[in-house]
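Inside the fold
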Amino acid sequence: MMSEYTAVIKKKGKWWIGWIEEVQGVNCQEPSRDKLIETLRVTLKEALEFNKKDALIAAGPDFQVEKIAV
């Protein structure tokens, strides 16, 4: 299942900079728009995986998983 996120991007001088609107801390800077989009995608994937691992560690044993849609 793929989820969609919003990349907010702009060119600033020689650089393209961008953020993922829904996930704090996911931001990147690259010399081209295409490279920025790819780097944001990779960084977002890594951040989501780290957040998942952190949540499971924080929950400890005997946790339940519930899917929530918004």
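What you see is a predicted model; the values in this text were computed from it and never measured. Counting of residues starts from 1 at the beginning of each chain's written sequence and follows it residue by residue. Local features are withheld for residues below a pLDDT of 70 in this predicted model, meaning they are given only at 70 or higher, and side-chain atom pairs are given and counted only at 80 or more; totals for whole chains, interfaces and linings count all residues. In computing side-chain values, all of the structure's heavy atoms are included and hydrogens and water are not.

1. Some thoughts on unusual backbone geometry
The phi dihedral of Asp62 falls on the positive side, at around 60°, and the residue is not glycine. For the purposes of this entry, the term helix denotes a DSSP run of H or I that reaches at least four residues, the term strand denotes a run of E that reaches at least two, and both are numbered from the N terminus. Tracing the backbone shows Asp62 in the segment after helix H1 (33–59). Buried residues are those whose accessible area, probed at 1.4 Å on protein chains only, stays under 20% of the maximum for their type, while exposed residues exceed 50% and partly exposed ones sit between those limits. Asp62 sits in the exposed class, given a relative accessible area of 79%.

2. A closer look at a nonpolar patch on the surface
On the surface, Leu56, Phe63 and Val65 cluster together into a nonpolar patch covering about 290 Å² of accessible area. One can find Leu56 in helix H1. What makes Leu56 partly exposed here is its relative accessible area of 40%. Here a patch means residues that are over 30% exposed by relative accessible area and free of salt bridges, tied together within 9 Å if like-charged and within 5 Å if nonpolar (Val, Leu, Ile, Met, Phe, Trp, Tyr). Here the accessible surface of atoms and residues is derived via Shrake-Rupley with a 1.4 Å probe, and residues count as covered only by protein chains that are part of the display. Definition used for salt bridges: Asp or Glu carboxyl oxygen within 4 Å of a side-chain nitrogen of Lys or Arg.

Just geometry here; none of it tells us what the structure is for.
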